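Descriptive structure summary
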Amino acid sequence: MPMSTNIDTANSAEKSTDDTNTDEQKSLLNILEDMNKGKEQLEDQRVAMFNILEDVNIAQDALERKYKELDVIESLTQQLGLSLKLNTIMSRISDSILTLYPTVTVAYIIAPFDSYDFSKKVYVNSLNSVGNQYIRELSNGLALSLSTVPELVKLKNSAKQWIMNTPEFSFVKGQRDNSKTAIPKSMINVPLVVPDTLVGMVNISSVDQDFFTLEVKRMIYTLISTSVQTIDRIKKLISAEHSRLQSLIESMSNGVVMFDADENIVVANPKIRSVIQKNTGKLSLDDIFSYFEQNLTKNEVDENTFVSLSDAVEKAITTTETVHIKEFPLGRKYFEIFVTPVYGDQKETAGGAIILHDITELKEIDRMKSEFVSVASHQLRTPLTAINWYVEMLQAGDAGELNKEQKDFLDEIYNGSTRMVKLVNDLLNVSRIETGRLKIEPVPMQLETFIKNIIHELEVMAREHLSTVLFVKPEKSLPKIAIDETLMRQVVHNLITNAIRYSTAEASTITVMLSQKENTYVISVSDSGIGIPKEVQGRIFEKFYRADNAREKEAEGSGIGLYIAKMIVEESGGTLRFESPNAFRTIKGEKEGYGATFFLSLPTTGMKAHAGERSLSNK
Ligand code: ADP
């Protein structure tokens, strides 16, 4: 703006030069003053800013420290939950203290949980090496603080004794270094009391005179008291669990004994005491073993398979598997026995449990049932034979000519009584097998011929069911094998008739295959029938068991055939098992399994002979 400049120049030209000078100086001074003031204010603000920043920093530090402390406490609490051994707990507490204060040395002594009988061992935990003098000082510190604990003073001065006997030192972390001469300049001792029992004493020491500020002490006490609370909680939980278990075991009708890793009995309930007739006094596993040995009813066990109770305990502990003795005859009683190993927190065997289940009554009921079945079936056989005999005579026209209707009725009677004879025979066979009276007399024979004959016999039945039975033999004919023909016929006959009866698809094919697998001959019978539902597969070999789908398909059936078959096969050294489904098909987009295959395996050495009174009844 050139115009205004000109005017200004004109105005100032009217004033004297001196005046002009003073005015200029004044305003300059004013400006300088203002600037100075501004600078001071700025400086103040800067300082204030710095102060604030510093405060923030300090707060931040404190906050971080708090977080770290919380972290340490939290992880310690979690770790403590995993252990019950005071030793482990103490080493974790001292580790946590070292995490927060890496320069200190932590030392502690511990007692067994429920007594003041302290070990003479001082555990030392430090991130550095520690000299002799240092160790001596801290153990004196520990001993001194122990000697002031009122309970210990009362208890025959055991703490003082402990001071006199040189303790052993064991390093958790760090090591002894004789060349170090530093000594502790400050230390604190914290007793470990759970909840009113003194179980340990912790000593924390430092080479720094002023290390244990109020805040550090507060933190260490917090750490230790948190741990103590956790231990207390765990102890309470365990004792509650223990008393619950104890009362459960006490009231059990089964005999229960629990023992520790040194085979000392921890729990024995009244039932087990009454079994071995020792109702009072200390009980040892040996007492139980020797009672079982002396009272074993020897003539009722098979020497080859017998397992004694002490063997069972030994086996359970070494194999870490439950040992099951199905039947142990003891005096006039019978017991089913389970021996189960118990594991510690490191998966090591911590002991075990013996459970005795009295099955005397069950056995008696079973025996009575078998006896009843045996007597009843014997009594039924005679009249049935008479019925069949007279029906045959009537059919043959021995009592005069019969008309068509009369003949049909007689056929029905004959069918019915034949089925009844079969059932009675099955029942008799069950009782023979169960009482061990079945004799097995193997004679060498050609398996191919044997199977072919049975299939041939069943051709009519198969045709009636629109089924075909195929026989697949090995390419090279097998050598003769010793089998009891009557018994084995019963088994194979049962498998093939089942395959025919439970077949569904029209014109279905049943495949019987003979093959050799290593040391066994396998006869498999495969069908494409109703199959065996998964949920009942475990019950198929049970006496009298029939699956629902089988009942629907075939109303007739006793559920005894497979039971007898399995007994015969197993008695003679073979195995019988099945797979179902053995095939899949898609119906309306859904994949569905069907069919069953039974596998009968016999050792190539043939069936084992068994001396007995009777063979099977078939007629
Ligand atoms: P039963 O055939 O007289 O019922 P079994 O002892 O021979 O008696 O068979 C027991 C049960 O096993 C049958 O009721 C049936 O549920 C099942 N089962 C046996 N064989 C077959 C098969 N081939 N297919 C499907 N289910 C079978």
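See the structure shown above.
Here is what the cut-offs are and how they apply
Residues numbered from 1 in each chain as written. Predicted model: local features only at pLDDT ≥ 70, side-chain atom pairs only at ≥ 80, totals over all residues. Heavy atoms only, no water. Helix = DSSP H or I, 4+ residues; strand = E, 2+ residues; numbered from the N terminus. Buried < 20%, exposed > 50% of the residue type's maximum accessible area, 1.4 Å probe, protein only. Contact = heavy atoms within 4.5 Å. Areas by Shrake-Rupley, 256 points an atom, 1.4 Å probe, with all protein chains shown as cover. Arc of directions from axis to C-beta. Pairing = 2+ DSSP bridges. Axes fitted to C-alpha atoms, helices over the stretch in contact; angles between N-to-C directions. Salt bridge = Lys/Arg side-chain N within 4 Å of Asp/Glu carboxyl O. Phe/Tyr/Trp six-rings, centres within 6.5 Å; stacked < 30°, edge-to-face > 60°. Near = heavy atom within 4 Å. Polar contact = N/O pair within 3.5 Å; in protein donor to acceptor, adjacent residues only side chain to side chain. Nonpolar A, V, L, I, M, F, W, Y, C, P; charged D, E, K, R; others polar. Core = buried A, V, L, I, M, F, W, Y, C linked by side-chain atoms within 4.5 Å. Parallel < 35°, antiparallel > 145°, perpendicular 65-115°, else oblique. Left-handed = near helix turned anticlockwise from the far one by under 90°.

1. Things to note about the overall build of the protein chain
- What the protein chain contains, in helices and strands, is 17 helices and 19 strands.
- For the protein chain, the proportion of its 619 residues judged to be buried stands at 37%.
- The contacts of the protein chain with a sequence gap of at least 6 include a subset with a gap of at least 24, amounting to 65%.
- Working note: accessible area of the protein chain is about 37100 Å², and carbon and sulfur atoms make up 54% of it.

2. Here we look at helix α13 (residues 447–457)
- Restricting attention to buried positions, one finds in α13 the residues L447, E448, F450, I451, I454 and I455. Taken around the axis of α13, the buried residues stretch over an arc of 165 degrees, which confines them to a single face.

3. Observations concerning the sheet that holds strand β8 (residues 323–330)
- Taken in spatial order, the 5 strands make up an open sheet running β7-β6-β10-β9-β8, and their pairing is antiparallel. For this open sheet the edge positions go to β7 (265–268) and β8, each flanked by a neighbour on one side alone. Sheet twist, expressed as the mean angle between neighbouring strand axes with direction ignored, is 20 degrees.
- Relative to β7, strand β6 (residues 255–260) runs antiparallel, the two sharing 3 bridges.

4. Focus on unusual backbone geometry
- P581 follows S580 through a cis peptide bond whose omega is 0 degrees.
- Inspection of the secondary structure assignment puts P581 in the loop between β16 (575–579) and β17 (583–587).
- If you check the backbone angles, E518 has positive phi at about 50 degrees while not being a glycine.
- The class for E518 is exposed, based on a relative accessible area of 73%.
- For F544, which is not glycine, the phi torsion reads 65 degrees and is therefore positive.
- Residue placement: F544 occurs in the loop between β15 (520–527) and α16 (548–553).
- For F544, a relative accessible area of 41% puts it in the partly exposed group.

5. Notes on the pattern of salt bridges
- By the definition in use, this model includes 18 salt bridges.
- Residue R539 is joined to E542 by a salt bridge in which the shortest nitrogen-to-oxygen separation is 3.0 Å.
- Its relative accessible area of 39% is what places R539 among the partly exposed residues.
- The class of E542 is partly exposed, set by a relative accessible area of 33%.
- Notably, a salt bridge pairs K566 with E570, separated by 3.1 Å at the nearest N-O pair. With K566 and E570 both in helix α17 (residues 561–571), this residue pair falls 4 residues apart, about one helical turn.
- Looking at E570, the relative accessible area reads 45%, which means it is partly exposed.

6. Re the packing of aromatic side chains
- Taken as a whole, this structure holds 8 aromatic pairs when the rule is applied.
- Aromatic pair F292 and F328: ring centres 5.1 Å apart, planes at 65 degrees, arrangement edge-to-face. Separated by 36 residues along the polypeptide, F292 in helix α9 (residues 285–294) and F328 in strand β8 bring together distant segments of the chain. F328 matches F292 in its accessibility class, with the two residues each being buried.
- Note on F541 and F578: the rings are 5.9 Å apart at their centroids and 50 degrees apart in plane angle, and the pair reads as tilted. Here the residue F541 occupies a position in the loop between β15 and α16, and F578 occupies one in strand β16, the gap between them amounting to 37 residues.
- Residue F541 is classed as buried on the basis of its relative accessible area of 17%.

7. Some words on the site of the ligand
- Around the ligand, the surrounding shell holds 20 residues, and the nearest of these are N498, Y502, D527, R546 and L562.
- R546 places a side-chain nitrogen or oxygen 2.6 Å from an oxygen atom of the ligand.
- Contacts to the ligand include S558, whose backbone N or O atom sits 3.1 Å from an oxygen atom.
- Alone, the ligand offers 530 Å² of accessible surface; in the complex the protein occludes 98% of this.
- Going through the elements one at a time, α15 (485–501) and α17 are the ones with two or more residues in the shell around the ligand.
- Per-element tally for the shell around the ligand: the top contributor is α15, with 3 residues.
- When grouped by side-chain class, the residues that make up the shell around the ligand number 10 nonpolar, 7 polar and 3 charged.

8. Here's the deal with the nonpolar core
- Within the largest apolar cluster, 55 residues are counted, with the highest numbers of intra-cluster contacts made by F450, I483, I496, V512 and L600.
- Take this core: its biggest share by element is 8 residues, from α15.
- Beyond its immediate chain neighbours, meaning those up to four positions away, I496 contacts I454, I455, L458, V469, V512 and V525.
- In this structure, V202, F211, F212 and I224 belong to the second largest nonpolar core, which totals 29 residues.

9. Quick notes on the environment of T575
- Considering the arrangement of structural elements, one finds T575 in strand β16.
- A relative accessible area of 45% places T575 in the partly exposed class.
- Each C-alpha atom, one on T575 and one on S601, is 5.2 Å from the other, the two residues being 26 residues apart in sequence.

10. Some thoughts on the packing of helix α11 (residues 360–395) against helix α12 (residues 404–434)
- It is at 8 Å that the axes of α11 and α12 come closest, and there the two elements cross at 155 degrees. Overall, the two elements α11 and α12 adopt an arrangement that is roughly antiparallel. The crossing of α11 and α12 is left-handed.
- Taken together, the residues of the contact of α11 with α12 break down into 14 nonpolar, 10 polar and 4 charged.

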